[in-house]
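Structural features, examined
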Amino acid sequence: MPELHWQKSTFSSGPQGECLNVAVAPDGTIRLRESDAPRTVLIATPHGLAALLEDIKGGAPR
């Protein structure tokens with residue numbers, strides 16, 4: 001797999017320097033990882049990630 005270009009999310013902040021990194025893979029999927037745990041990566045399609053964020057913003061039960 002080609003090297004991904006990771007970028008710091010604009011939503012990253014916090015007192016302990018929490019940071020979310022985001023990259024778009026060649027296949028169009030979105031990769032998310034925490035900067036302090038770079039080997040653990042969430043892979044989502046743009047549609048899937050948008051649906052997840054809408055659920056979170058809407059206060060969906062967990």
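Up top is the structure.
The structure presented is a predicted model; accordingly, all values stated were derived computationally and were not measured. (Residues numbered from 1 in each chain as written. Predicted model: local features only at pLDDT ≥ 70, side-chain atom pairs only at ≥ 80, totals over all residues. Heavy atoms only, no water.)

With that settled, consider the overall build of the protein chain. Helices and strands together make up the secondary structure of the protein chain, namely one helix and four strands. Burial statistics for the protein chain: of 62 residues in total, 23% are counted as buried. Within the protein chain, counting contacts between residues at least 6 apart in sequence, those at least 24 apart form 11% of the total. Of the roughly 5000 Å² of accessible surface on the protein chain, a fraction of 58% belongs to carbon and sulfur atoms. (Helix = DSSP H or I, 4+ residues; strand = E, 2+ residues; numbered from the N terminus. Buried < 20%, exposed > 50% of the residue type's maximum accessible area, 1.4 Å probe, protein only. Contact = heavy atoms within 4.5 Å. Areas by Shrake-Rupley, 256 points an atom, 1.4 Å probe, with all protein chains shown as cover.)

Moving on, we get to the side chain of Thr-29. Relative to the elements of secondary structure, Thr-29 occurs in the loop between strand E2 (20-24) and strand E3 (30-34). Note on Thr-29: relative accessible area 13%, which makes it buried. Reaching out from Thr-29, the side chain makes a polar contact with the side chain of Arg-31 at a distance of 3.1 Å. (Polar contact = N/O pair within 3.5 Å; in protein donor to acceptor, adjacent residues only side chain to side chain.)

Attention shifts here to the side chain of Asn-21. Within the secondary structure, Asn-21 sits in strand E2. If we skip the residues at most four places from it in the chain, Asn-21 touches Trp-6, Gln-7, Lys-8, Arg-31, Leu-32, Arg-33, Glu-34 and Ser-35.

Among the five residues of E3, four are classified as buried, and the element is accordingly described as predominantly covered. Judged from the five bridges that link them, E2 and E3 form a sheet pairing that is antiparallel. By the bridge assignment for E3, Ala-23 is matched with Arg-31. Taken together, E2 and the strand that follows it, E3, pair antiparallel across an intervening segment of five residues, in which Gly-28 is found at a positive phi of about 90°. One ladder, built from four bridges, connects E3 with strand E4 (residues 37-44); its direction is antiparallel. Bridge pairing in E4 places Glu-34 opposite Ala-37. (Pairing = 2+ DSSP bridges.)

Once that is clear, we can look at the sheet that holds strand E1 (residues 7-8). In spatial order, the strands read E1-E2-E3-E4; together these four strands make up an open sheet with antiparallel pairing. Pairing within the sheet leaves two strands with one partner each, and these edge strands are E1 and E4.

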